[in-house]
Amino acid sequence: MTGQHDIGGLAAGPIDTSDHDPEPWQKMITAVYGALVSRGYSNVDEMRRTLEGLPQEQYDQPYYERWIEAVCISLAEKNLLTRAEIDARMAEIKTQLEAGK
Amino acid sequence: MSDKELGAPLYKTGDAVRITVTYPPGHRRTPDYIKGKTGIVERYCGAFINPEERAYGFAGLPKKHLYRVRFEQSEVWHDYEGAAKDTLDLEFYEHWLEGEPS
């Protein structure tokens, strides 16, 4: 069995080469990952392993959505934050945003 | 940090090597399309922390010998239509290589 990322030489459809500016949240997830690496909580091999091991429906998401999933896995593996804590905080922020509208 | 368990590199520039055909579980960087192909060691790159271990939060020691291997494109892709002299370089840790050292 080969991993879902291991598609060298296979037909994979057209590549979108259009340019686009990163969204602020995309810059933020890059910074969060960089902070984890600089503090020794992750590394490029671990990031690739978590990305490539994502369930199909998560792996098929766009680039930075995948990064978020991979960073959440690293956080849980290092016992820094659990998925439940992340989900609870996200729900809290969503409530605040909706109340502010 | 110690790499005292690391022996001398098995291969040197010019040795013919075949990429082993295995599908072990875990974090593996050797792409499927190159497995079973034969190339020539272009250079010995040095010894590096093993990414297959490091990917799971382990130290990845002892380090592993890394080689750059050169393949003829026509060996890699059977329907290759480019120039016969075209080559492809890929890097492999020693445990992915088969062949008698010279």
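Residues numbered from 1 in each chain as written. Chains lettered and ligands numbered in written order. Predicted model: local features only at pLDDT ≥ 70, side-chain atom pairs only at ≥ 80, totals over all residues.

Trainee: Tell me about helix α1 (residues 24–38) of chain A, and please be specific about residues and values.
Mentor: Between its terminal C-alpha atoms α1 of chain A stretches 21 Å, which fits the 21 Å expected from 15 residues at 1.5 Å a residue. One or two positions beyond α1 of chain A, positive phi appears at Gly 40 of chain A, with a value near 80 degrees. (Helix = DSSP H or I, 4+ residues; strand = E, 2+ residues; numbered from the N terminus. Expected span 1.5 Å × (residues − 1).)

Trainee: Describe the interface of chain A and chain B, and please don't skip the residues or the numbers.
Mentor: Frequently, the measure chosen for interface size is the accessible area removed from exposure when the parts meet. Counting from both sides, the interface comprises 11 residues of chain A and, opposite them, 11 residues of chain B. With 4 residues, the top contributor of residues to the side of chain A that touches chain B is helix α2 (residues 44–52) of chain A. (Contact = placed C-beta atoms within 7 Å.)

Trainee: An account of the sheet that holds strand β4 (residues 87–93) of chain B is requested, with residue identities and associated values reported.
Mentor: Residues and elements named next belong to chain B. One open sheet holds the 5 strands; their spatial order is β4-β3-β2-β1-β5, and the pairing between them is antiparallel. What marks the edges here is a single partner per strand, and that holds for β4 and β5 (97–98). Examined bridge by bridge, strand β1 (residues 16–19) and strand β2 (residues 38–48) share 3 bridges and lie antiparallel to one another. Within the sheet, the bridge partner assigned to Val 17 lies in β2 and is Gly 39. (Pairing = 2+ DSSP bridges.)

Trainee: Which residues make up the pairing of β1 of chain B, and what are the values?
Mentor: Side-chain direction in a regular strand flips from residue to residue, so the side chains alternate between the two faces of the sheet. All names here are of chain B. Burial along β1 is one-sided: the face carrying Val 17 and Ile 19 is buried and the face carrying Ala 16 and Arg 18 is not. As defined by bridge partners, β1 adjoins β5 across 2 bridges and the pair is classed as antiparallel. Looking at the pairing, Ile 19 lines up with Leu 97 of β5. (Buried ≥ 20, exposed ≤ 12 C-beta atoms within 10 Å, placed from the backbone.)

Trainee: Can you explain the nonpolar core? Please cite residues and give values.
Mentor: Residues and elements named next belong to chain B. Counting residues in each nonpolar core, the largest one holds 12 residues, listed as Tyr 11, Val 17, Ile 19, Ile 34, Val 41, Tyr 67, Val 69, Phe 71, Leu 90, Phe 92, Trp 96 and Leu 97. Elements represented by at least two residues in this core include exactly β1, β3 (64–72) and β4. By residue number, the principal contributor to this core is β3, which donates 3 residues. With near-sequence residues (within four places) excluded, Phe 92 lies in contact with Ile 19, Thr 30, Tyr 67, Val 69 and Leu 97. (Core = buried A, V, L, I, M, F, W, Y, C linked by C-beta atoms within 7 Å.)

Trainee: Break down the confidence of the model for chain B for me, with residues and values.
Mentor: Looking at chain B, pLDDT values average 94 and 96% of them are 70 or higher. Model confidence for the complex is summarised by a pTM of 0.87, with the ipTM given as 0.83. (pLDDT = per-residue confidence, 0-100.)

Trainee: Which residues make up helix α4 (residues 63–77) of chain A, and what are the values?
Mentor: Note that an α-helix has 3.6 residues per turn; residues three or four places apart therefore point the same way. All names here are of chain A. A rise of 1.5 Å per residue sets the reference length of α4, with its 15 residues, at 21 Å; its end C-alpha atoms lie 21 Å apart and thus fit the reference within 8%. Every buried residue of α4 is accounted for by Ala 70, Val 71 and Ser 74. Burial along α4 is one-sided: seen end-on, the buried residues are contained in an arc of 100 degrees. Its buried side turned inward, α4 meets α1 and α2. Taken from the residues just after α4, Asn 79 is the one with a positive phi, measuring 60 degrees. (Arc of directions from axis to C-beta.)

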